[in-house]
Amino acid sequence: GPGGQLRALQHHAIINPVLGQTVKERRAKASAPDNNDFGMAFHICSLQMFFFIAIVSGKPTIRPSRNCKKISLRLAELMPETRYTHLPLRALVSFEAAARHVSFKAAARELNVTPAAVSHQIKTLEGDLRTALFERHNRGVDLTEKGAYLLVAIQRGFDHVGEALDQLKSRARPAAVTIHSTTAVSSLWLTQRLASFWRAHPRIAVNQAVDDMRRDAVNCDLSIHYGDMSLERAPCRALFRDTITALASPDFVAEHGVSSVKDLGQIPLIHLEMAENNWTSWEEWAGTLGYAGPLQMSHRVNNYVIALQAARDGMGAVLGWDGLTADLVASGRLVKLLPDALPSPLDFYIAQHNEASDQARLVFEWLSGS
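Here is a short report on the structure shown in this document.

Procedures and definitions
- Numbering of residues begins from 1 in every chain and follows the order in which that chain's sequence is written.
- The predicted nature of this model means local features are confined to residues of pLDDT at least 70 and side-chain atom pairs, given and counted, to a pLDDT of 80 or more, with totals for whole chains, interfaces and linings taken over all residues.
- Think of the side-chain values as coming from all heavy atoms in the structure, minus any hydrogens and water.
- Pairing between strands is defined by DSSP: at least two bridges between them are needed.
- Think of it this way: any DSSP run of H or I at least four residues long counts as a helix, any run of E at least two long counts as a strand, and we number them from the N terminus.
- Simply put, an axis is a line fit to the C-alpha atoms, just over the touching stretch for a helix, and the angle between two N-to-C directions goes from 0 to 180 degrees.
- One fewer than the residue count of a helix, multiplied by 1.5 Å, yields its expected span.
- Here the term buried applies to any residue with accessible area under 20% of the maximum for its type, exposed to any over 50%, and partly exposed to those in between, with areas from a 1.4 Å probe on protein chains only.
- The directions considered for the arc run from the helix axis to the C-beta atoms.
- We call two residues in contact when some of their heavy atoms are within 4.5 Å.
- The scheme is simple: roughly parallel for angles under 35 degrees, roughly antiparallel for over 145, roughly perpendicular for 65 to 115, oblique for anything else.
- By definition, any crossing whose near helix is turned counterclockwise from its far helix by less than a right angle is left-handed, and any crossing with a clockwise turn is right-handed.
- The residues that make up patches have over 30% relative accessible area and no salt bridge, and they are joined within 9 Å when like-charged or within 5 Å when they are Val, Leu, Ile, Met, Phe, Trp or Tyr.
- Working definition of accessibility: Shrake-Rupley area with a 1.4 Å probe, residue cover restricted to the visible protein chains.
- Criterion for a salt bridge: a side-chain nitrogen of Lys or Arg within 4 Å of a carboxyl oxygen of Asp or Glu.
- Side-chain classes are defined by residue name, with Ala, Val, Leu, Ile, Met, Phe, Trp, Tyr, Cys and Pro counting as nonpolar, Asp, Glu, Lys and Arg as charged, and the others, Gly among them, as polar.
- Polar contacts, as counted here, are pairs of nitrogen or oxygen atoms within 3.5 Å of one another; within protein the pair requires one atom able to donate a hydrogen and one able to accept it, and residues that are adjacent in sequence qualify only if both atoms are side-chain atoms.

**Looking at the sheet that holds strand S4 (residues 206–210)**
Then, in step 1: A sheet is described by the order of its strands in space; here 5 strands give the open sequence S4-S3-S5-S12-S6, paired in mixed fashion. The open sheet has two edge strands with one neighbour each: S4 and strand S6 (236–240). Adjacent strand axes in the sheet meet at a mean angle of 25° when their direction is disregarded.
Then, in step 2: In this sheet, S4 lies alongside strand S3 (residues 177–181) in parallel orientation, the contact comprising 5 bridges. Among the inter-strand pairings, Ser181 is bridged to a residue of S4, identified as Val210.

Here it is in structure tokens:
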């Protein structure tokens, strides 16, 4: 019947390019066509003729050869039927443009085809749907109620497809690597190393997420912490485990003349109160060296960079982690208050998160090996 004819026509329109490609692939494998190529072409023509006669007469009058049946079965395997197989995409595109412009001519200009081609596609679509999508009159065309309904549905579908394509394109671009750290680690250790990394890998962007309050790394590829690395669940690697010394400005040291740990009870000290409470305190540092007496906690800050700046300004002495304060000591802006030093009980380490990308792993290797 007509339905079967339509399905056969649509099936023929789909498989015809595939058959042509098959011939091309077969011929590409040989320098010249042989009998097998001729046989393949013959069976393709037979298959096309079979579909043509079936479409015209409603039933096949030629029995396809056995090889022809094999080709049909193979094509059926390669191109299974789906709910999208028979969507008239070209007609839908023509309809959307004509409905949006309310003009076949404007749609033709947009699609770079003739108005007759647009009209033909829309008539075909109307025939498939068995309903009018436009009201045609001398002044032009207007959408029918069903046409307006279809336009909304198509535009929604195209919008969803467009959004998906945009997302895939954005994901295809190399994404920036995000690394989380505290202000102190960022300003005293990380930033200068990222500058060196960027000079070696200018195509990889690295964003820093600096936060002194959050311990958990959220929405980042890498994070740097000061803590017990054995408790970290994410893949991680130690950056450095350094020593802790008492530091102060040169003027402060000259003024107070500290010669032993006991003298710490007589001078102003800068105490660090961080959200991460695992930083060594003055009481712990002095107690490990044998002094358990009272201490002057003259200044309390919650940011290590501010603590170091306060020490540079002569407000008091501060505990210095060598890995973070090496440049300040080397430049003479801070000096050792006492020769005593304690090994840091914890590590500065870097961790990977969220199935880190190749770019993030490269940054991870660079920092942990620097």
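Don't stop here, the text continues.
**Some thoughts on helix H13 (residues 358–369)**
Then, in step 1: Compared with an ideal rise of 1.5 Å per residue, which puts 12 residues at 16 Å, H13 spans 16 Å between its outermost C-alpha atoms and is within 8% of the ideal.
Then, in step 2: When we look at burial in H13, the residues that qualify are Ala360, Val363, Phe364, Leu367 and Ser368. The buried residues of H13 all sit within an arc of 120° when viewed along its axis, so they share a single face. Away from its buried face, by an angle of more than 90 degrees, H13 presents the exposed residues Asp358 and Gly369.
Then, in step 3: The secondary structure elements touched by the buried residues of H13 are S3, helix H8 (183–200), S4, strand S5 (222–227), S6 and strand S12 (347–352).

**A few points about the sheet that holds strand S7 (residues 243–248)**
Then, in step 1: Taking strand neighbours across the sheet as the criterion, the 3 strands line up as S10-S7-S11 in an open arrangement whose pairing is antiparallel. Taken across any chain shown, the strands that pair with only one partner, and hence form the sheet edges, are strand S10 (318–321) and strand S11 (335–343). Pairwise comparison of adjacent strand axes, ignoring direction, gives a mean angle of 30° for this sheet.
Then, in step 2: Across 4 bridges, S7 lies against S10 in antiparallel orientation. Paired with Leu247 across the strands is Val318, a residue of S10.
Then, in step 3: Its contacts with the sheet place helix H11 (residues 304–312) against S7 and S10, and it is angled at close to 120° to S10.

**Regarding the packing of H8 against H13**
Then, in step 1: Direction vectors running N to C along H8 and H13 enclose 120°, while the axes themselves pass 11 Å from each other. In terms of orientation, H8 and H13 fall into the oblique class. By crossing handedness, the relation of H8 to H13 is classed as right-handed. Facing Trp189, Leu190, Arg193, Leu194, Ser196, Phe197 and Ala200 of H8, the residues of H13 in contact are Leu362, Val363, Trp366 and Leu367.

**Examining a nonpolar patch on the surface**
Then, in step 1: On the surface, a nonpolar cluster with roughly 280 Å² of combined accessible area is contributed by Val161, Leu165 and Leu168.
Then, in step 2: Relative to the helices and strands, Leu168 resides in helix H7 (residues 145–172).
Then, in step 3: What makes Leu168 exposed here is its relative accessible area of 53%.

**Some remarks on the packing of helix H4 (residues 89–101) against helix H6 (residues 115–129)**
Then, in step 1: At their nearest, the axes of H4 and H6 sit 8 Å apart, and the two run at 110° to each other. The orientation of H4 with respect to H6, classified from their angle, is roughly perpendicular. Considering the relative orientation of H4 and H6, their crossing is left-handed. Within the contact between the two elements, H4 uses Arg90, Ala91, Leu92, Ser94, Phe95 and Ala98 and H6 uses Val118, Gln121, Ile122 and Leu125.
Then, in step 2: Per-class residue counts for the contact of H4 with H6 are 7 nonpolar, 2 polar and 1 charged.

**Re the side chain of His271**
Then, in step 1: As for its placement among the helices and strands, His271 is situated in strand S8 (residues 268–272).
Then, in step 2: With a relative accessible area of 11%, His271 lands in the buried category.
Then, in step 3: Side-chain polar atoms of His271 contact the side chain of Arg300, separated by 3.5 Å.
Then, in step 4: Those residues in contact with His271, other than ones at most four positions away along the chain, are Ser281, Trp282, Glu283, Met297, His299, Arg300 and Val301.

Read these as layout, nothing more, since geometry by itself doesn't imply function.
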